[in-house]
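# A structural walkthrough
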Amino acid sequence: MTNEREPRAAKSPREHEAPANRVSATEALRSAAEQLTELLGRRPESVSALKPTDEGWEARVEVVEVERIPETTSVMASYQVLLDPAGQLLAYERGNRYTRAQTGGADRDR
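Cut-off values and rules
- Once a new chain begins, its residue numbering starts again from 1 and follows that chain's sequence as written.
- For this predicted model, a pLDDT threshold of at least 70 governs which residues receive local features, and a threshold of 80 or more governs which side-chain atom pairs are given and counted, while totals over whole chains, interfaces and linings are taken from all residues.
- Note: side-chain values were computed over all heavy atoms of the structure, leaving out hydrogens and water.
- Among buried residues, those of type Ala, Val, Leu, Ile, Met, Phe, Trp, Tyr and Cys that are joined through side-chain atoms within 4.5 Å constitute a nonpolar core.
- Buried, partly exposed and exposed residues are distinguished by accessible area as a fraction of the type maximum, computed with a 1.4 Å probe on protein chains only: under 20%, between the cut-offs, and over 50%, respectively.
- Starting at the N terminus, helices and strands are each numbered in turn, a helix being any DSSP run of H or I of at least four residues and a strand any DSSP run of E of at least two.
- Here the aromatic set is Phe, Tyr and Trp, taking the six-membered ring for Trp, and pairing holds for ring centres within 6.5 Å; pairs whose planes are under 30 degrees apart are stacked, those over 60 apart are edge-to-face, and all others are tilted.
- The criterion is that NZ of a Lys, or CZ of an Arg, lies within 6 Å of the ring centre and within 35 degrees of the ring normal, and then a charge sits over that ring.
- Pairing between two strands requires that DSSP report at least two bridges joining them.
- Any pair of residues with heavy atoms lying within 4.5 Å of one another is described as a contacting pair.
- Positive: Lys, Arg. Negative: Asp, Glu. His and the chain ends are not part of the count.
- Note on definitions: salt bridges are taken to be side-chain nitrogens of Lys or Arg within 4 Å of carboxyl oxygens of Asp or Glu.
- Any N or O atom pair separated by 3.5 Å or less is treated as a polar contact, with the protein-specific requirement of one donor-capable and one acceptor-capable atom, and with residues adjacent in sequence counted only for side-chain atom pairs.
- Lines are fitted to the C-alpha atoms to define the axes, a helix being fitted only along its stretch in contact, and any angle between axes, read from their N-to-C directions, falls within 0 to 180 degrees.
- Predictor confidence is given residue by residue as pLDDT, running from a minimum of 0 to a maximum of 100.

Quick look at the nonpolar core now. If you look at soluble globular proteins, the nonpolar side chains tend to sit buried side by side. Formed by Val 23, Ala 28, Ala 32, Leu 36, Trp 57, Ala 59, Val 61, Val 63, Ala 77, Tyr 79, Val 81 and Leu 83, the largest nonpolar core amounts to twelve residues. Going through the elements one at a time, α1 (25–40), β2 (56–66) and β3 (75–83) are the ones with two or more residues in this core.

Pasting the structure below:
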């Protein structure tokens, strides 16, 4: 018979860890940028968001779509990129387009 006041076993550390085949956040960032470059033929400017999901990783990547002079008038696009746990691209979708001079108002929030 057990005493109800005895502490219950804590969850094992493994229950809080990422899957063994999940790449690190840094590797996911690099992978998203490299694979999107290969598909679009343009190098991303930045990765503005990255978060782990049950299916792998989700990133938002900013890309210059039309270069203009001055640079503040260049057309940018925000892409949503889905990666599996190993960092392989599953899907991408272009979201908002905006000029570089825009400072991220409500039209860019997702």
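Our focus in this paragraph is the packing of aromatic side chains. Tallying each qualifying case throughout the model produces one aromatic pair. Arranged with centres 6.0 Å apart and planes meeting at 45°, the rings of Tyr 79 and Tyr 92 form a pair that is tilted. With Tyr 79 in strand β3 and Tyr 92 in strand β4 (residues 89–99), the pair connects residues that are 13 residues apart, well separated along the chain. Tyr 92 sits in the partly exposed class, given a relative accessible area of 36%. Between Arg 22 and the ring centre of Trp 57, over which it is positioned, the NZ or CZ distance is 5.3 Å.

So, about the pairing of strand β1 (residues 44–53). Where β1 lies against β2, eight bridges are found, and the strand directions are antiparallel. Looking across to β2, one finds that Ser 46 is bridged to Glu 62. Here β1 folds back onto β2, and the loop between the two strands holds two residues.

Examined against the element boundaries, Ala 25 turns out to sit in helix α1. Put simply, Ala 25 and Lys 51 are 26 residues apart on the chain and 8.1 Å apart in space, counted from C-alpha to C-alpha. Setting aside its immediate chain neighbours within four residues, Ala 25 contacts Leu 50 and Trp 57.

Next up on the list: the side chain of Asp 84. Locating Asp 84 in the fold gives a position in the loop between β3 and β4. Here Asp 84 is buried and forms no salt bridge, its nearest opposite-charge partner Arg 22 lying at an N-O distance of 9.0 Å. One polar contact links the side chain of Asp 84 to the main-chain amide nitrogen of Ala 86, over a distance of 2.9 Å. Within the local environment of Asp 84, its side chain forms a polar contact with the backbone nitrogen of Gln 88, the two atoms lying 2.8 Å apart. Contacts of Asp 84, omitting those with residues within four sequence positions, involve Glu 55, Gly 56, Trp 57 and Leu 90.

Here we come to the sheet that holds β2. Taken together, four strands build an open sheet; the order of strands is β1-β2-β3-β4 and the sheet is antiparallel. Single-partner strands in this sheet number two, and they are β1 and β4. Averaged over all neighbouring strand pairs, the angle between strand axes comes to 20°, with direction disregarded. Direction of pairing for β2 relative to β3: antiparallel, over a ladder of nine bridges. In the sheet register, Val 66 faces β3, and the bridge partner there is Val 75.

Regions with low pLDDT carry predicted coordinates that are not meant to be interpreted in detail. Residues of the chain with pLDDT of at least 70 account for 76%, and the chain-wide mean is 84. Taken together, the stretch residues 10–16 has pLDDT below 50 and engages in one contact with residues farther than four places along the chain or on a different chain. In the predicted structure, residues 106–110 sits below a pLDDT of 50 and forms twelve contacts with residues beyond four places in sequence or in another chain.

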